[in-house]
Amino acid sequence: MNNFHPLFRKWVQAQTSVRFVRPPWAKELCQSPRYREDCSNTQYLEHGFGRVFEFEKAREFFSIQEFIFSSRLSAAAEFHHTIPFTTAKRPFFFHCESIPPVFMPMGFQGQEFDSELISNILPIYREIFESDHCLGIFSHLKSTIAEFAATFQLDKIRRKLRYLPLAADMYIRKARSDETPIFIFNNSAHQDPNSLVLRGGVFAIQILDIVRRERPGAKLLFVGSHAQRLFSEPWGLGESILKHENVREILYRNRDNIIWISGWLSEHTLDRLFASAHFFLLPSIDLHTSSVLRAMGQGCIPIVSNAYGISELISQRRNGIILNILDSSVSKMTEFGFTNTDHDAFISRFNELRDRLSREIRQHLDILVEPRSWFQLFQTMNEEFDRRFGRPVDTKFLAKPLQEDRRGVDTSGDLRGFTRDVSRDDFKRVGRQELPRIGNVRVVRYGPNVLSFDDGAVADRRVSSLEWSLNSKSKLVHCWSSFSQAAAALANQRADIPHHTRTLLSPHLEADSMNKAEITIKEVVETQESWFFTLEASMGELRSQLRRVESSLVETIGQRLSSLERTMDERTQRLLSLETVLREWSSRLLSLESMAEGRSNDLHDLRNVVQHESAARIQHIDQVNNTLEDVRKTGESMLYSIAILGRGLEDIHEQLFEKRLLLLEASSRLAKGI
């Protein structure tokens, strides 16, 4: 999926006969359409690439044309890691770190696997690993070996499983005496924005924040393409986390102590960054073996989470620090017998995991802030690194099963242009010799090989873009170890060779006949020996030229290094002057802080006075309110008394009125009587 894995770098470097070549059609393949151009194509059945291509996801993810090209390469075996997408045409080896990526693209690590889908594809993968084409299955984790056996549950597959210990070199042997801790975090090699949170980028800033309470000058080298922009413009899987107020607050609080390193970095530059730091922060949900080994190889103490397989690389407080922050809810065993992580659960429980990480970091804070403690851990890490990864590399772990494979390798055959990684101009420069034609077949000696091809046999340009001979068209070539082998094979196999040529070639190849054909073969052998002598002489001259180039390069590099050292000295002086300026500003800031503290005290006193006056005013208002309440109650009682008195007066008035009427009536009767 993403080219050569760095886990195998040490093994490849230890080989004496391994050479990387680039197929001549590789450029055309890179420029060809990759995805979905053949998802509805059924060519996979014709070419026999296996039943995996029955699934549409597989046809969308991998190009059928890619497998057609690969199947035409001449090779003894294939080596695959992570995903066993073989051509099903020849023997292969397989290496994996964990089981979930094996099923890509039908299922991806960190996502929930569809039980029905896995049940359907497991028999297909069993068929792949059980077949005689599979010569060996390797892993650098013993737990993965056990899970592989539990998942596929076949004795034939179990017998192919092999534990392959990792090997690496440590380049930093001396402990540094810096008193200010420097941390480093790097995003994944493919710089996927989703990896920023999954690899523990937010956790790394939180660790820096905790350490700075004891060591305010601690620094964090944050390596990642567009990492700083992702914090300011969040998107992807961890968007909700990067937008959280607490995360923004921690980022702002430590902004001056984070050094952002964006863009592409060379391997050498990245190694120098690792060597300049004391601790490598990788509190991730998944295992990243290559990053951990690389950091330790540069003398960087790893601080990692308890992800799957990490205990086989790191021993607590011996060659690193393991933070026990993950549990069975984010890293759990599936029903099929292998461990898988849950990225959604990791995101949903992020705040809880942050609290757990804070508690774990405080338990190991002595190592992070005390130079003597991390020096001791650095020394034990060196010893543990040598014990675990400093062993010699077994360069025969692939050769043995390949030798046991009885099918062997056909050294002759249809190479279709892939014999040497050279261009047409290179072909003209390399020594070649026209040999006698065999019928209508043209024969050319190219280096140690004999190539035969028809002038009229033109191969597909996409398959054979190496332009071999005298015109601009590609040739469908065959490779032989000698002219006699080519003559014998072509005389017996090619129908286009005339009959009289067959009859002449057959006796000429007999060991007891000294005729013209044998003399021709002897001349060819002598010419070949002369060619090899000329080649050795040319190689000697080339070696001397390379030595001269090497000496000039060493001299040039030395001059450049001396100029760089002078530049570094000048920059050191500038940094010292900047440090002096910073100290002055720090003293000014301290004086400002003292002034601010005095103003704060004055404000505090004023606040107390205001609070006291406010309390008195509140008490006075309460008293006035109480008095008014009493007045209101008195008025109400007086009004009630007046109302009662008025009613009494009305009654008296009515009584007087009635008496008046009675008197009037009496007076009228008296007047009538008189």
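Keep in mind that this is a model prediction, so the values were computed, not measured. (Residues numbered from 1 in each chain as written. Predicted model: local features only at pLDDT ≥ 70, side-chain atom pairs only at ≥ 80, totals over all residues. Heavy atoms only, no water.)

A separate point is the side chain of Arg 388. For Arg 388, the location among the structural elements is in helix H19 (residues 371–389). Within the local environment of Arg 388, its side chain forms a polar contact with the side chain of Ser 315, the two groups lying 2.4 Å apart. (Helix = DSSP H or I, 4+ residues; strand = E, 2+ residues; numbered from the N terminus. Polar contact = N/O pair within 3.5 Å; in protein donor to acceptor, adjacent residues only side chain to side chain.)

A cluster of nonpolar residues, Val 549, Leu 553, Ile 557, Leu 561 and Leu 564, forms a patch on the protein surface that exposes about 460 Å² of accessible area. Its location among the elements puts Ile 557 in helix H24 (residues 516–673). (Patch = residues over 30% accessible without salt bridge, like charges linked within 9 Å, V, L, I, M, F, W, Y side chains within 5 Å. Areas by Shrake-Rupley, 256 points an atom, 1.4 Å probe, with all protein chains shown as cover. Salt bridge = Lys/Arg side-chain N within 4 Å of Asp/Glu carboxyl O.)

A few words on helix H14 (residues 267–276). Buried within H14 we find Leu 270, Leu 273, Phe 274 and Ala 275. The secondary structure elements touched by the buried residues of H14 are strand S5 (182–186), strand S6 (219–223), strand S7 (258–261), strand S8 (279–282) and helix H15 (289–297). (Buried < 20%, exposed > 50% of the residue type's maximum accessible area, 1.4 Å probe, protein only. Contact = heavy atoms within 4.5 Å.)

At their nearest, the axes of H15 and H19 sit 11 Å apart, and the two run at 125° to each other. Between H15 and H19, the angle is such that the two are oblique. Where H15 crosses over H19, the handedness of that crossing is left-handed. On the side of H15, the interface is formed by Leu 293, Met 296 and Gly 297, while H19 contributes Met 381, Phe 385 and Phe 389. When grouped by side-chain class, the residues that make up the contact of H15 with H19 number 5 nonpolar, 1 polar and no charged. (Axes fitted to C-alpha atoms, helices over the stretch in contact; angles between N-to-C directions. Parallel < 35°, antiparallel > 145°, perpendicular 65-115°, else oblique. Left-handed = near helix turned anticlockwise from the far one by under 90°. Nonpolar A, V, L, I, M, F, W, Y, C, P; charged D, E, K, R; others polar.)

What follows is about the packing of aromatic side chains. All told, the structure shown has 23 aromatic pairs when counted by the stated rule. Aromatic side chains Phe 94 and Phe 129 sit 5.3 Å apart centroid to centroid with 45° between the ring planes, which places their arrangement in the tilted category. Here Phe 129 lies in helix H6 (residues 115–130) and Phe 94 lies in strand S2 (residues 92–95), a separation of 35 residues in the sequence. Judged by its relative accessible area of 0%, Phe 94 falls in the buried class. Residue class for Phe 129 comes out buried when judged on its relative accessible area of 0%. Here the aromatic rings of Phe 222 and Phe 231 are separated by 5.8 Å at their centres, their planes lie at 85°, and the arrangement is edge-to-face. Relative accessible area serves as the criterion here: at 1%, Phe 231 is assigned to the buried category. Following the ring pairs from residue to residue traces out a cluster consisting of Phe 94, Phe 103, Phe 113, Tyr 125, Phe 129, Phe 148, Phe 152 and Phe 338. Directly above the aromatic system of Tyr 252 lies the positively charged group of Arg 255, at a separation of 3.9 Å from the ring centroid. (Phe/Tyr/Trp six-rings, centres within 6.5 Å; stacked < 30°, edge-to-face > 60°. Lys NZ or Arg CZ within 6 Å of the ring centre and 35° of its normal.)

A few words now on the sheet that holds S6. One open sheet holds the 6 strands; their spatial order is S7-S6-S5-S8-S9-S10, and the pairing between them is parallel. Sheet topology places S7 and strand S10 (321–323) at the edges, where each strand pairs with a single neighbour. If you compare each strand with its neighbour and ignore which way they point, the axes differ by 20° on average. Of the pairings in the sheet, the one linking S5 to S6 comprises 5 bridges and is parallel in character. Across the sheet, residue Ile 182 finds its bridge partner in S6, namely Lys 219. (Pairing = 2+ DSSP bridges.)

To continue, consider the pattern of salt bridges. In a structure, side chains of opposite charge can pair up when their charged atoms sit close to one another. Under the counting rule described, the total for this entry stands at 22 salt bridges. One salt bridge in this structure joins Asp 366 and Arg 317, with 3.1 Å as the shortest N-O distance. Of this pair, Asp 366 sits in helix H18 (residues 365–369) while Arg 317 sits in the loop between strand S9 (301–305) and S10; the two residues are 49 residues apart in sequence, bridging distant segments of the chain. As a salt-bridge pair, Glu 352 and Arg 349 come within 2.7 Å of each other at their nearest N and O atoms. Under the relative-accessibility criterion, Arg 349 is labelled buried at 17%.

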